[in-house]
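Overview (structure and organization)
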Amino acid sequence: VNTRPKTAVVKIGGSTLGAHDTSLQDLVALQREGRRVVVVHGGGAAISDWLRRLDTPTRFVRGLRVTDEATLDAVVAVLGGIVNKQLVASISALGGRVCGICGADGATLQAVHADAELGFVGTVTGVDLTLVNALLDSGLMPVIAPIAIMVDGESRLTEQLLNINADAAAGELALALQADQLVFLTDVDGVRDDNGALLRNLNRTEAEVLLASGVISGGMIPKAEAGLRAAASATCVIADGRRAGTLRAALGENPPGTVIDGVEL
Ligand SMILES: Nc1ncnc2c1ncn2[C@@H]1O[C@H](COP(=O)(O)OP(=O)(O)OP(=O)(O)O)[C@@H](O)[C@H]1O
Ligand SMILES: [Mg+2]
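Residues numbered from 1 in each chain as written. Chains lettered and ligands numbered in written order. Predicted model: local features only at pLDDT ≥ 70, side-chain atom pairs only at ≥ 80, totals over all residues. Heavy atoms only, no water.

1. Focus on the overall build of the protein
- A count of helical and extended segments in the protein gives eight helices and 14 strands.
- Rg of the C-alpha trace for the protein: 17 Å, near the compact-globule value of 18 Å for 265 residues, within the 12% margin.
- Expressed as lengths along the three principal axes of its C-alpha atoms, the size of the protein is roughly 45 × 45 × 40 Å.
- A burial count over the protein gives 51% of its 265 residues as buried.
- In the protein, the proportion of contacts linking residues at least 24 apart, taken out of those at least 6 apart, comes to 72%.
- Summed over its atoms, the accessible surface of the protein is roughly 12,000 Å², and 51% of this surface lies on carbon and sulfur atoms.
- Looking at charge distribution, the protein has the averaged site of its 22 positive side-chain charges lying 6 Å from that of its 30 negative ones. (Helix = DSSP H or I, 4+ residues; strand = E, 2+ residues; numbered from the N terminus. Rg over C-alpha atoms; globule rule 2.2 N^0.38 Å. Buried < 20%, exposed > 50% of the residue type's maximum accessible area, 1.4 Å probe, protein only. Contact = heavy atoms within 4.5 Å. Areas by Shrake-Rupley, 256 points an atom, 1.4 Å probe, with all protein chains shown as cover. Lys, Arg positive; Asp, Glu negative; His and termini not counted. Charge placed at Lys NZ, Arg CZ, Asp CG, Glu CD.)

2. Some words on unusual backbone geometry
- One non-glycine residue, Asp55, lies in positive phi territory at about 55°.
- Counting through the fold element by element, Asp55 comes out in the loop between helix H2 (44-53) and strand S3 (60-61).
- Asp55 gets classed as exposed once you look at its relative accessible area, which sits at 69%.
- We note that Ala107 has phi near 50°; this positive angle belongs to a residue other than glycine.
- Relative to the helices and strands, Ala107 resides in the loop between strand S5 (98-102) and strand S6 (109-113).

3. Quick look at the sheet that holds strand S10 (residues 157-163)
- The strand order S7-S6-S9-S10 describes an open sheet built from four strands, whose pairing is mixed. Since the sheet does not close on itself, it has two edges, and those belong to strand S7 (122-127) and S10, each with one partner. Looking at each pair of strands side by side, their axes are set apart by 45° on average, direction ignored.
- Sheet topology places S6 next to strand S9 (residues 147-151); two bridges connect them, and they run parallel. Note that in S9 the partner of Ala111 across the bridge is Met150.
- Together, S9 and S10 form the strand contacts of helix H3 (residues 69-93), whose direction differs from that of S10 by roughly 80°. (Pairing = 2+ DSSP bridges. Axes fitted to C-alpha atoms, helices over the stretch in contact; angles between N-to-C directions.)

4. Focus: the packing of H2 against H3
- Two numbers describe how H2 lies on H3: the axes approach to 9 Å, and their chain directions differ by 125°. In terms of their interaxial angle, H2 and H3 are classed as oblique. Along this stretch, H2 crosses H3, giving a crossing that reads as right-handed. Where H2 approaches H3, its residues Ala46, Ile47, Trp50 and Leu51 are matched on the opposing element by Thr71, Ala74, Val75, Val78, Leu79, Ile82 and Val83.
- Looking at the contact of H2 with H3 residue by residue, the class counts come to 10 nonpolar, one polar and no charged. (Parallel < 35°, antiparallel > 145°, perpendicular 65-115°, else oblique. Left-handed = near helix turned anticlockwise from the far one by under 90°. Nonpolar A, V, L, I, M, F, W, Y, C, P; charged D, E, K, R; others polar.)

5. What about the nonpolar core?
- Among the nonpolar cores identified, the biggest contains 45 residues, and Val9, Val40, Leu182 and Ile216 are the most heavily contacted of them.
- Among all residues touching Ile216, those that are not within four sequence positions of it are Val191, Leu202, Ala207, Leu210, Leu211, Ile221 and Ala224.
- The next biggest cluster of nonpolar side chains, apart from the first, holds 23 residues, and it includes Leu30, Val143, Leu247 and Ala250. (Core = buried A, V, L, I, M, F, W, Y, C linked by side-chain atoms within 4.5 Å.)

6. Here we look at the packing of helix H5 (residues 166-177) against helix H7 (residues 220-230)
- Orientation of H5 relative to H7, taken along the N-to-C sense of each, is 5°, at an axis distance of 8 Å. Taken as axis vectors, H5 and H7 run roughly parallel relative to one another. Across the interface between the two elements, Asp167, Ala168, Gly171, Glu172, Ala174 and Leu175 of H5 pack against Pro222, Lys223, Ala226, Arg229 and Ala230 of H7.
- Residue composition of the contact of H5 with H7, grouped by class: six nonpolar, one polar and four charged.

7. Overview of the packing of aromatic side chains
- Scanning the model with the defined rule gives zero aromatic pairs in all.
- For Arg53, the ring lying beneath its charged end belongs to Trp50, and the centroid distance is 4.4 Å. (Phe/Tyr/Trp six-rings, centres within 6.5 Å; stacked < 30°, edge-to-face > 60°. Lys NZ or Arg CZ within 6 Å of the ring centre and 35° of its normal.)

Below, the structure is given as structure tokens:
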């Protein structure tokens, strides 16, 4: 009998944190119920905002931000700093017990260059759960900014930081943690098909068609890809974080949004 407490990884999209959002209350309630919850946050809009202020142009390739040195600095400062610490303060004010870290802390997220075209963007190649498990065992909810340490050809840590897409980071953490559930909270109600209709379920074959035809584009690409990877072990849901109660519902029996079906038929 598996008596392990249920573990959930929740990815909060930068665009979803707003006044009507109950995601943070939901996180605190889950923690009170004894759930092991790991939060990974994005912050795409906040980074773009800062880059605009710095007059640094930014562009995306297949949903991933092209990251030169100046952009990497902004990612570390904005995601690891402002967005992460504001989330820590907001969740704390609601009564949650949290610790904000970035993936470089404890060498939690280890990565290699994803693609020369993307600059300092990483693909996660290793996850060290020591810090995350220590926090969870202490009753603290880790809130993780998606920044990794680059490893060399011998898997040794270097001093180079890499920008990781938050969806990919959440997927890799869910796999490493053998999480039961992975929820992507975003600013749409789920994955939409070529007619704009919400898909309640998405399997690998359907996802590959939608990815190839460009119906799944931009920021939905890494969500679909990470969800398909993690769906091997976790129940994966993509749902609208702006709607009250979405997170609670997404972890329940009849989840809203799109459920990614990892089993090949
Ligand atoms: N087939 C699709 N169905 C639904 N949304 C799609 C689809 N294809 C692309 N998208 C886009 O994906 C977006 C969600 O990804 P986006 O990266 O913008 O937000 P996020 O990941 O929640 O936030 P952040 O990047 O800050 O973490 C939607 O707003 C929508 O415009
Ligand atoms: Mg995104």
